[in-house]
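# Topology and contacts: notes
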Amino acid sequence: MGVILSEGDILFARTGASVGKSYIYRISDGLVYYAGFLIRAKIKPEYNPEFVFQNTLTSDYEKFIKVTSMRSGQPGVNAQEYSQFEIHVPSKAEQDKIATYFRNLDTLITLQQRKCDSIKEYIITHFKGHGLAHLVAAILKTKGYEVFVSSPGPDRGVDILAAYGSLGFGSPKICVQVKSEEAAIGRPVLDQLIGTMHNVGAEYGLLVSWSGFRSSVLRDTNLNFFKVRYWTSVEIMDELFA
């Protein structure tokens, strides 16, 4: 059985692809043991553990690990080598201020990520199938587009048509194809969209795939730069929070 961690203990990975990765134990993490293939650092009272940990997330630390772990065979950094990493340490009071700031920032980021995850789960649950097309259409409306949304069922490659102007007669004219499947979509869907753009007189295309795109689509991104844009769940979330 491993050793139980105490508040402020910092763990370091010593070998393999994860070498250099660090973790600080907090009471809120519950009862945690650590195994012998990790290195545990116990921080002296005159130093703030959170301040020390934040220094392991810097570019200087990343460079240190990259250089120090270079060796024949499997990369690794032992405890003595870790101890050679230099940290510029201010007064304990300043350490506490810096540590508190970054810990609050980490908490805020975590809360924001949980919020995003909850919204993603809500979208997946309530906008599955044709519902995602209506969500994308709503986003386009907020950007000033007049939109036409196809009825559920066979759409011949057209989920949404969008254009500027009070009646939708302005430019740009966009043909939108929306896919909510759990798997990334491939080249046939892109080819269908490009063909449909020509058929309906659209100037540009927007290909939306909640689960992303296969390499067969992405490798020609530069060739289609002036006529097609790609949205995944990331871009949809960005638009919702814009």
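Look a little higher up for the structure.
In this report, the structure presented in the accompanying data block is examined. (Residues numbered from 1 in each chain as written. Predicted model: local features only at pLDDT ≥ 70, side-chain atom pairs only at ≥ 80, totals over all residues. Heavy atoms only, no water.)

### What to know about the overall build of the protein
A count of helical and extended segments in the protein gives 8 helices and 10 strands. Over its C-alpha atoms the protein spans a radius of gyration of 26 Å, topping by over 25% the 18 Å that the globule rule assigns to 242 residues. By principal-axis analysis of the C-alpha atoms, the protein measures approximately 70 × 40 × 35 Å. Evaluated residue by residue, the protein yields a buried proportion of 36% over its 242 residues. For the protein, the share of sequence-separated contacts (at least 6 apart) that also reach a separation of at least 24 residues comes to 58%. When the accessible surface of the protein is totalled, it reaches about 14,700 Å², and 57% of it is carbon and sulfur. Averaging the locations of the 26 positively and 25 negatively charged side chains of the protein gives two centres separated by 3 Å. (Helix = DSSP H or I, 4+ residues; strand = E, 2+ residues; numbered from the N terminus. Rg over C-alpha atoms; globule rule 2.2 N^0.38 Å. Buried < 20%, exposed > 50% of the residue type's maximum accessible area, 1.4 Å probe, protein only. Contact = heavy atoms within 4.5 Å. Areas by Shrake-Rupley, 256 points an atom, 1.4 Å probe, with all protein chains shown as cover. Lys, Arg positive; Asp, Glu negative; His and termini not counted. Charge placed at Lys NZ, Arg CZ, Asp CG, Glu CD.)

### Quick look at the nonpolar core
Core analysis: the biggest nonpolar cluster contains 21 residues, and Val 136, Ile 160, Val 176, Val 178, Val 208 and Ile 236 have the highest contact counts within it. Discounting residues that sit within four places of it in the chain, Val 176 has contacts with Val 136, Leu 140, Gly 157, Val 158, Asp 159, Ile 160, Leu 206 and Val 208. (Core = buried A, V, L, I, M, F, W, Y, C linked by side-chain atoms within 4.5 Å.)

### As for the side chain of Glu 50
Among the secondary structure elements, Glu 50 is positioned in helix α1 (residues 49-54). Leave out the neighbours within four places in its chain, and Glu 50 touches Ile 24, Arg 26, Ala 99, Arg 103 and Asp 106.

### Details of the pattern of salt bridges
Counted under the stated rule, the structure contains 8 salt bridges. Between Asp 220 and Arg 187 there is a salt bridge whose closest N-O contact spans 2.4 Å. Remark: Arg 187 occurs in helix α6 (residues 187-200) and Asp 220 occurs in the loop between α7 (215-218) and β10 (228-231); sequence separation between them is 33 residues. The class for Asp 220 is buried, based on a relative accessible area of 18%. When salt bridges with common partners are traced through the structure, they connect Asp 9, Arg 40 and Lys 42 into a single cluster. (Salt bridge = Lys/Arg side-chain N within 4 Å of Asp/Glu carboxyl O.)

### Comments concerning a nonpolar patch on the surface
A grouping of Ile 98, Tyr 101, Phe 102, Leu 105, Leu 108 and Ile 109 is seen on the molecular surface, where their side chains present a nonpolar patch of about 550 Å² in accessible area. Structurally, Ile 98 can be placed in helix α4 (residues 92-126). A residue is classified by how much of its surface remains accessible, and Ile 98, at 31% relative accessible area, is partly exposed. (Patch = residues over 30% accessible without salt bridge, like charges linked within 9 Å, V, L, I, M, F, W, Y side chains within 5 Å.)

### Observations concerning the sheet that holds strand β9 (residues 204-209)
Spatial strand order, β6-β7-β8-β9-β10: 5 strands in an open sheet with mixed pairing. At either end of the open sheet lies a strand with only one pairing partner, and these are β6 (146-149) and β10. The mean inter-strand angle of the sheet, taken between neighbouring strand axes irrespective of direction, is 20 degrees. As judged from the 4 bridges shared by β6 and strand β7 (residues 160-163), these two strands associate in the antiparallel manner. The residue of β7 that forms the bridge with Phe 148 is Leu 161. Against the sheet, helix α8 (residues 233-241) contacts β9 and β10, and its axis sits at roughly 85 degrees relative to β10. (Pairing = 2+ DSSP bridges. Axes fitted to C-alpha atoms, helices over the stretch in contact; angles between N-to-C directions.)

### Quick look at the environment of Leu 108
If you trace the backbone, Leu 108 turns up in helix α4. The class of Leu 108 is exposed, set by a relative accessible area of 54%. Each C-alpha atom of the pair Leu 108 and Ala 17 lies 29 Å from the other, and the pair is 91 residues apart in sequence.

### Re the sheet that holds strand β3 (residues 22-24)
Taken together, the 3 strands give an open sheet; going across it, the order is β3-β2-β5, and neighbouring strands pair in antiparallel fashion. Looking along the sheet, the strands with just one partner apiece sit at the ends: β3 and β5 (38-41). The sheet shows a mean angle of 20 degrees between the axes of neighbouring strands, direction not considered. Here 4 bridges tie strand β2 (residues 10-13) to β5, and the two strands are oriented antiparallel to one another. Counterpart to Ile 10 in the pairing with β5 is Ala 41.

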